[in-house]
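Residues per chain are reported as follows:
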Amino acid sequence: MTFTQITTTCPYCSTGCSLNLMVENGKVIGTAPYYRSPVNEGRLCQKGTYCHQFISNPDRLKKPLLRKGDIFYETDWDAALDFIAKKLSSYKPDELALLTSARCSNEDNYLAMKFARGVLKTRHIDHCARLCHSATMVGLFLAFGCNAMTNSIPDISESDCILCLGSNTLEQHPLVGRQIIKARSRGAHVITADPRFTPTAVQSDLFIQFYSGSDVLLLNSIMGEIIRNNWHDESFITERTSHFEAVKKVVLQRRYNPEIAGDLCGVSPDLIRKTAEWIGKADKCTILYAMGITQQTTGIDNVKSIANLMMLTGNIGRPGTGVNALRGQNNVQGACDVGCLPNLFPGYKPVTDGTAHRKLSKLWGFPDGICEPHEGYDINIMFEHLRSASPDIKAMYLIGENPVVSEPNPAIIIDGLKKLDFLVVQDIFFTETCQYADVVLPAACFAEKDGTQTNTERRVQRIRKAVDPPGESKSDYEIITALASKMGYGEQFKYTSVKDIFEEMCSVIPQYQGMTWDKIDKPGGVCWPCEELDQPGTPILYSEHFAHPDGKGVFYPVEWKEPSDLPDKNFPFRLTTGRLIWHMQSGTMTRRCKNLNDEVHEGYLEINPEDAKRLKIRNEDLITVSFRKGSLVCKARVIQDIKVGTAFIPLHFIERVTANLALNSSEPLPYISEYKVAAISIKKFQVEKR
Ligand SMILES: Nc1nc2c(c(=O)[nH]1)N[C@H]1C(S)=C(S)[C@@H](COP(=O)(O)OP(=O)(O)OC[C@H]3O[C@@H](n4cnc5c(=O)[nH]c(N)nc54)[C@H](O)[C@@H]3O)O[C@H]1N2
Ligand SMILES: Nc1nc2c(c(=O)[nH]1)N[C@H]1C(S)=C(S)[C@@H](COP(=O)(O)OP(=O)(O)OC[C@H]3O[C@@H](n4cnc5c(=O)[nH]c(N)nc54)[C@H](O)[C@@H]3O)O[C@H]1N2
Ligand code: SF4
Ligand SMILES: [Mo]
């Protein structure tokens, strides 16, 4: 019997906790704490603790599958890759689209990006960051010149005042949540603003239970109060920022007075005043935000407004301060860094930047050049185009994405996937999306490959191979390399190890240029920017200047706009969707972990007892939920924690597919879907009589 422990990074959320995988006779049998990471210091949440259960789940894909009619047949790699190579070579570059995965390593993503732009020569590459933090990418870039989380996870415990706005940190980033508790035990004030009384709200000193979609109203009101009381940081504003006067003018308007704004938000004006006082008087205040802010049609405005508040109070560039936009998936930060975006090359260089285009072309050495220097389609536009009668996208290659469950309108997505002439899906399980593929390729999971991933605080850390992949499955970077070779580009994908890929990747990302394999191999890895070999990395951004050419942060005046799908007489409730601590996204992995699935295994709708009583609905009753565009049936969970007039459905269960039917896409610029506000009606389910 052999027994080993391999240290690696958790495959679920962007917190990036380190853990040990316990390996017995070539099988991962459990996890054990790894104490030397500054991120989690040995602690794990439930998902990390039980991650071994999906690794060895018998449902794992083990062989490539080829569709014939309605049936999939197992095939070998040679036959599958020959077929894919032949098909993909038959399309023009602009007819091809590729989605990479925020669940995969940096090296997987970098190679998939190089494959798309160099081999397929397509501009159409994207991944799920679009559904998640695209509002942050635009909003923080405008305000600060760079869109990353400003401070580090351990740093949060040094704050004197923490505002959790649209982040259920204790459930969705539990080991970031631990830092909130640490700060609070030192005496810090914690404020949570959320329509639901979440586990994060439980850990707070002040809870603002406001209506979803009223964030700008709340933030402007807080800023007005801070300015009226002279709690703003004049020297920071003068020395480090521009355009403050425009914001001052907006937030001092009468409509943002705590009385008026409070009424519209559904909260008492005293709560707004208290929040303003705590933030205004704190020496070090930090804000944590996530999907409650970004997944609205006004997402960019919300983000700009957050940036305004933190610049107004001088809470940028010091320990315990900052705008901490908590990323979602384990490697969504990395997938963006390496350039899996339709408008940006590695290191956030615009694809239209001639110098960046020439540099990449030269380094990669494709004799027939790379993709055109124009922006490609993002994931939403790809699917939008697939709605037309004869779509311009003919073939898609999806790596570790499950759009049938995750995108806002599954009927449209399924219809679009069916219209494709050719679809490849590369996953570790046979997902809802695989059903529409022509070829399904079996990928190795995080425990079966080496590489790096980048967490929410820009920390690049190692993942390490603990066991062999099941059956004939291969790591994503190996599959891409083999396919590139079949398509005649073996030379451009000649790597002897993952370290080779890492080194090439670092050479094209300025923020990673000072990293080496040895440097990131140590506990806690390295936070970017790390531009010089002798530099240790940068946990806190903007300590001296912002990333704009003039070094200044920019204030943007923002007026509150109503959400696009507000309740009315026929649809009187506001529905919001979100997550549970037990499950991850479309649930492909966590629903296969017994200990997690035993806790919650089906979807439901949360409703306040007051509303339930009026509708004569009891806990566990079946109910019909109707949207403007569809309906679904699920159980009711009658619970005090949700605001009267509001309802919540967790997104991890297939029931959500119908829930997503109702949700509106998208504001034009980042094109994000409004997953957080939709008008619904609720009634007790009745079997229709014939
Ligand atoms: N357990 C678990 N953890 C996860 C994930 C998971 O699936 N499961 N997914 C990961 C991913 S990809 C992401 S993006 C993150 C998301 O992390 P979070 O954004 O923290 O998660 P959500 O539950 O989507 O939404 C956060 C909160 O926003 C609130 N909210 C709803 N509407 C509004 C509003 O209008 N304004 C405000 N201010 N708040 C509102 C919701 O009630 C909810 O409590 O989590 C990551 N971590
Ligand atoms: N209603 C509603 N819908 C939402 C949201 C919401 O708040 N409400 N949130 C949105 C957000 S923030 C996000 S990020 C998206 C997420 O959307 P998706 O990215 O589609 O969600 P996941 O379920 O994480 O899908 C990832 C897939 O990767 C696979 N995978 C895991 N590891 C590997 C690997 O190593 N290799 C390969 N090839 N595959 C792997 C998993 O099995 C899974 O099928 O969902 C969005 N959808
Ligand atoms: S907090 Fe996130 S990274 Fe840490 S163990 Fe839980 S799911 Fe994994
Ligand atoms: Mo996300």
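Residues numbered from 1 in each chain as written. Chains lettered and ligands numbered in written order. Predicted model: local features only at pLDDT ≥ 70, side-chain atom pairs only at ≥ 80, totals over all residues. Heavy atoms only, no water.

- As annotated in an unreviewed UniProt entry, the chain carries the name Formate dehydrogenase subunit alpha and is attributed to Methanospirillum lacunae.
- Listed under Sequence similarities (unreviewed entry) in UniProt, the entry text for the chain is "Belongs to the prokaryotic molybdopterin-containing oxidoreductase family." (UniProt positions renumbered as here; feature names shortened; annotations may be inferred.)

### With respect to the domain arrangement of the chain
Part 1 of the reasoning: Its domain assignment divides the chain into domain 1 (4–54), domain 2 (65–129 + 330–491), domain 3 (134–325) and domain 4 (573–684).
Part 2 of the reasoning: For domain 3 and domain 4, the distance between their C-alpha centroids amounts to 26 Å.
Part 3 of the reasoning: Across the contact, 26 residues belong to domain 3 and 21 residues belong to domain 4.
Part 4 of the reasoning: Interface area for domain 3 against domain 4, summed over the two sides, is near 2,100 Å², with a carbon-plus-sulfur share of 56%.
Part 5 of the reasoning: When the buried surface of domain 3 facing domain 4 is broken down by residue, Arg196, Gln295 and Thr297 rank first, second and third, together holding 31% of it.
Part 6 of the reasoning: Connecting domain 3 to domain 4 are 7 residue pairs in polar contact (both at pLDDT 80 or more).
Part 7 of the reasoning: At the level of secondary structure, the elements contributing two or more residues to the side of domain 3 that touches domain 4 comprise helix 5 (134–144), helix 6 (169–172), helix 14 (291–294) and helix 15 (299–312). (Domains from an automatic or database assignment. Contact = heavy atoms within 4.5 Å. Buried area = accessible area lost by both parts, 1.4 Å probe. Polar contact = N/O pair within 3.5 Å; in protein donor to acceptor, adjacent residues only side chain to side chain. Helix = DSSP H or I, 4+ residues; strand = E, 2+ residues; numbered from the N terminus.)

### What about the side chain of Glu457?
Part 1 of the reasoning: For Glu457, the position within the fold is in the loop between strand 19 (451–454) and strand 20 (459–463).
Part 2 of the reasoning: A distance of 2.7 Å separates a polar atom in the side chain of Glu457 from a polar atom in the side chain of Asn455.
Part 3 of the reasoning: A distance of 2.5 Å separates polar atoms of two side chains, one belonging to Glu457 and the other to Arg459.
Part 4 of the reasoning: Not counting residues within four places of it along the chain, the set of residues in contact with Glu457 comprises Val39, Met149, Asn151, Ser152, Ile153, Pro154 and Cys527.

### With respect to the site of ligand 3
Part 1 of the reasoning: Residues in close proximity to ligand 3 include Cys10, Tyr12, Cys13, Thr15, Gly16, Cys17, Leu44, Cys45, Lys47, Gly48, Pro174 and Leu175, which together make up its full environment.
Part 2 of the reasoning: Within the residue set of the shell around ligand 3, elements represented by two or more residues are helix 1 (46–49) and helix 7 (174–185).
Part 3 of the reasoning: Partitioning the shell around ligand 3 into residue classes produces 8 nonpolar, 3 polar and 1 charged. (Near = heavy atom within 4 Å. Nonpolar A, V, L, I, M, F, W, Y, C, P; charged D, E, K, R; others polar.)

### Details of the packing of aromatic side chains
Part 1 of the reasoning: Following the criterion strictly, the structure yields 17 aromatic pairs and no others.
Part 2 of the reasoning: One aromatic cluster in this structure is built from Tyr110, Trp364, Phe366, Tyr489 and Phe493.
Part 3 of the reasoning: Sitting over the face of the ring of Trp528, Arg458 holds its NZ or CZ atom 5.9 Å from the ring centroid.
Part 4 of the reasoning: In this structure, Arg637 packs its charged tip against the face of Tyr604, placed 3.9 Å from the ring centre. (Phe/Tyr/Trp six-rings, centres within 6.5 Å; stacked < 30°, edge-to-face > 60°. Lys NZ or Arg CZ within 6 Å of the ring centre and 35° of its normal.)

### Here's the deal with the nonpolar core
The tendency in soluble globular proteins is for nonpolar side chains to be buried side by side.
Part 1 of the reasoning: Leu88, Phe115, Met396 and Tyr397 are the most contacted members of the largest nonpolar core, which totals 151 residues.
Part 2 of the reasoning: Both domains that meet at this core, namely domain 2 (65–129 + 330–491) and domain 3 (134–325), each give it at least three residues.
Part 3 of the reasoning: Those residues within four positions of Tyr397 in sequence are excluded, and the remaining contacts are Leu88, Ala97, Leu98, Leu99, Phe115, Val424, Gln426, Leu441, Ile479, Ile480 and Leu483.
Part 4 of the reasoning: In this structure, Ile428, Phe446, Val467 and Cys593 belong to the second largest nonpolar core, which totals 25 residues. (Core = buried A, V, L, I, M, F, W, Y, C linked by side-chain atoms within 4.5 Å. Buried < 20%, exposed > 50% of the residue type's maximum accessible area, 1.4 Å probe, protein only.)

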